[in-house]
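# Understanding the architecture of this molecule
In case you want the letters, here they are:
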Amino acid sequence: MQQEVQKKSVLAYPQIFLIIACVYGFSSSIPVFLLSLGFSMLLLLSLRATLGATTLLVIYRSRLFGFNKPAIKWGLICGLFNLSSMITLIYAIVLIGPATTSVFLACGIVLIPFANWIVNRSRPKPINLVAAVLCAGGLVLALMQTGISFSFGWGQALGLANAVFYAFFVVLLNRASKTAPSEKLNFIQLVFMALVTAVLFFCIDFSSAAFSADMIRHIWVIVFLGVITDGVVFLFQTKAQGRSNPNISAIYLYTFALFAVVFSILLGFDDFRWQLVAGAGIVFVAAILPNVAEWIKAGNKK
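## Points about the nonpolar core
- Counting residues in each nonpolar core, the largest one holds 33 residues, and the members touching the most others are Val103 and Tyr254.
- The element best represented in this core is helix α6 (residues 98–120), accounting for 8 residues.
- Dropping the residues within four chain positions of it, Tyr254 is found in contact with Ile109, Phe284, Ala287, Ile288 and Asn291.
- In this structure, Val32, Phe39, Leu83 and Leu89 belong to the second largest nonpolar core, which totals 31 residues.

## Observations concerning the environment of Leu35
- Inspection of the secondary structure puts Leu35 in helix α3 (residues 31–36).
- With relative accessibility at 19%, the residue Leu35 sits in the buried group.
- Separated by 180 residues in sequence, Leu35 and Met215 have C-alpha atoms that sit 9.8 Å apart.
- Filtering out sequence-adjacent residues up to four positions away, Leu35 remains in contact with Ser40, Met41, Ile90 and Val94.

## Thoughts on the packing of helix α5 (residues 69–96) against α6
- Relative to each other, α5 and α6 sit at 135 degrees, their axes nearing to 7 Å. Taken together, the axes of α5 and α6 lie oblique to each other. In this structure, the crossing between α5 and α6 has a hand that is right-handed. Between α5 and α6, the residues in contact are Leu89, Ala92, Ile93 and Ile96 and Pro98, Thr100, Thr101 and Phe104, respectively.
- Broken down by class, the residue content of the contact of α5 with α6 amounts to 6 nonpolar, 2 polar and no charged.

## Comments concerning the packing of helix α8 (residues 154–176) against helix α9 (residues 182–205)
- α9 packs onto α8 with a crossing angle of 135 degrees between their chain directions and a minimal axis gap of 10 Å. By the angle class used here, α8 and α9 are oblique. Relative to α9, α8 is oriented so that their crossing is right-handed. Touching Phe169, Leu173 and Ala176 of α8 are Leu185, Asn186 and Gln189, all from α9.
- Residues belonging to the contact of α8 with α9 are distributed by class as follows: 4 nonpolar, 2 polar and no charged.

## Section: the state of the cysteines
- Counted under the stated rule, the structure contains 0 disulfides.
- Take Cys135: it sits in no disulfide, and the sulfur closest to it among the cysteines is that of Cys107, at 3.1 Å.
- Looking at Cys135, the relative accessible area reads 5%, which means it is buried.

## Looking at the packing of aromatic side chains
- Under the criterion given, the structure shown has 6 aromatic pairs.
- Ring geometry for Phe26 against Phe263: centres 5.4 Å apart, planes inclined by 75 degrees, an arrangement best described as edge-to-face. Placement of the pair is Phe26 in helix α2 (residues 16–27) and Phe263 in helix α13 (residues 256–266), with a sequence separation of 237 residues.
- Looking at Phe26, the relative accessible area reads 27%, which means it is partly exposed.
- By relative accessible area, Phe263 is classed as partly exposed at 22%.
- Between Phe81 and Phe165, the aromatic rings sit 6.3 Å apart at their centres with planes inclined by 65 degrees, giving edge-to-face as the arrangement. Placement of the pair is Phe81 in helix α5 and Phe165 in helix α8, with a sequence separation of 84 residues.
- On the basis of relative accessible area, Phe81 is assigned to the partly exposed category, the value being 24%.
- The partly exposed category is assigned to Phe165, whose relative accessible area is 28%.

## A look at α9
- Between its terminal C-alpha atoms α9 stretches 32 Å, which fits the 34 Å expected from 24 residues at 1.5 Å a residue.
- Buried within α9 we find Glu183, Lys184, Leu185, Asn186, Phe187, Ile188, Gln189, Leu190, Met193, Ala194, Thr197 and Phe201.

Parameters at a glance
Throughout, residues of each chain are indexed from 1 in the direction in which the sequence is written. At least 70 in pLDDT is required for a residue's local features to be given in this predicted model, at least 80 for side-chain atom pairs to be given and counted, and no such filter applies to totals for whole chains, interfaces and linings, which use all residues. The side-chain quantities take in all heavy atoms of the structure and omit both hydrogens and water. By nonpolar core is meant a set of buried Ala, Val, Leu, Ile, Met, Phe, Trp, Tyr and Cys residues that side-chain atoms within 4.5 Å join together. Three exposure classes are used, based on accessible area relative to the maximum for each residue type with a 1.4 Å probe and protein chains only: buried under 20%, partly exposed in between, and exposed over 50%. Strands are runs of DSSP state E lasting at least two residues, helices are runs of H or I lasting at least four, and both sets are numbered from the N terminus onward. In what follows, a contact means two residues having at least one pair of non-hydrogen atoms within 4.5 Å. Axis definition: a line fit to C-alpha positions, over the contact stretch in the case of helices; interaxial angles, taken between N-to-C directions, run 0 to 180 degrees. If an angle is under 35 degrees, it is roughly parallel; if it is over 145, roughly antiparallel; if it lies from 65 to 115, roughly perpendicular; otherwise it is oblique. It is the rotation of the near helix from the far one that decides the hand of a crossing: anticlockwise by less than a right angle makes it left-handed, clockwise makes it right-handed. Three classes are used, and their members are as follows: Ala, Val, Leu, Ile, Met, Phe, Trp, Tyr, Cys and Pro are nonpolar, Asp, Glu, Lys and Arg are charged, and the others, Gly among them, are polar. Disulfides are defined as pairs of cysteine sulfur atoms found within 2.5 Å of each other. Ring geometry is summarised as follows: Phe, Tyr and Trp rings, the Trp one being its six-membered ring, pair when their centres sit within 6.5 Å, and such pairs are stacked at plane angles under 30 degrees, edge-to-face over 60 and tilted between the two. Given a helix with a known number of residues, its expected span is that number minus one, times 1.5 Å.

Printed below as a string of C-alpha cells:
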C-alpha cells in the first residue's frame, strides 16, 4: 500500500508536467547555440535520435522486439512527420530565433483539432475556432517588430510549416498508439529519423563538416538533448499522462512555449520585445482554452 501511494505521489500529480514543460522550453532554445558552434543540423538530429532510441532500448530491452506490420507502418509514418517537424523547427530557429519559433510550435497545438478533422473526419468544436482566431492574433503580435512593422519571410514560413507538421504528427501518433505500444512506436520513429538524417548528413554536409575543440567540449549538450529530452523526459511524459487528467496536464504542459521564450531571452538568443512576450502569452491562452472549457464543463457536471 505504501509503495502504491508513493508511485501515485510521483506520477499522478499534474504539476509534474510543469517540470517537463520547463525542460522542453529549455531544450528548444539550445539548437541555435550548437549550430553557432558549427554543428551540422543533420548530424545534430541524427545524434539526438540515436541517443533517444538507445535510451528506450536500455529501458525496455526485450519489450521493443516483435514488431508487427501496423507498428512498423505507423512508426514510419509518424517518424516522417516527426522528422519534417524537427527539420523545419531547427531551420526556423536559425532564421528567426528560438523564441519566435516556439510561438509557431504552440500554434501547432491549436491546429491539432483541424488536423484531426482531416485525418479522422472529426469536426472541430466551436471553441477550437475561437482558439484559432485568438492564436492568429497572438501570432501576428509576436511577429511584430519595434513599432508596428511586420515581417514574414522564409523563417516565418518554416515556422508555420513546423506548426502544421507538428499538428499532424500528434494526430497520427494518437491514431498509431491504438495499434502498438507507445515505446515501440517511439523507438521505430527514432531509428527511422537517425538513419535518414545520417544518410542526408553524409550526402550533403559531410564534405564541408569541421569539428573543433569547442564542439567536443559541448558534446554533453547533445547527450542532454538525446538522452534526457528525447528519451527520459518524453518517456516520463507518456507514463505520467496515463495517470493524470488529460485536460489539466495539458494546461501545464503547454507552458513550454512561455518557458522557451523566457529561456531564449535570458540566454541571449533573442532580444526582448514586449510584442513577442505578449503574443506568446496570447497563443498560450489559445492553446489551453479548449482544455479549460472542457475542464470547467466536467466540473459543472459533478
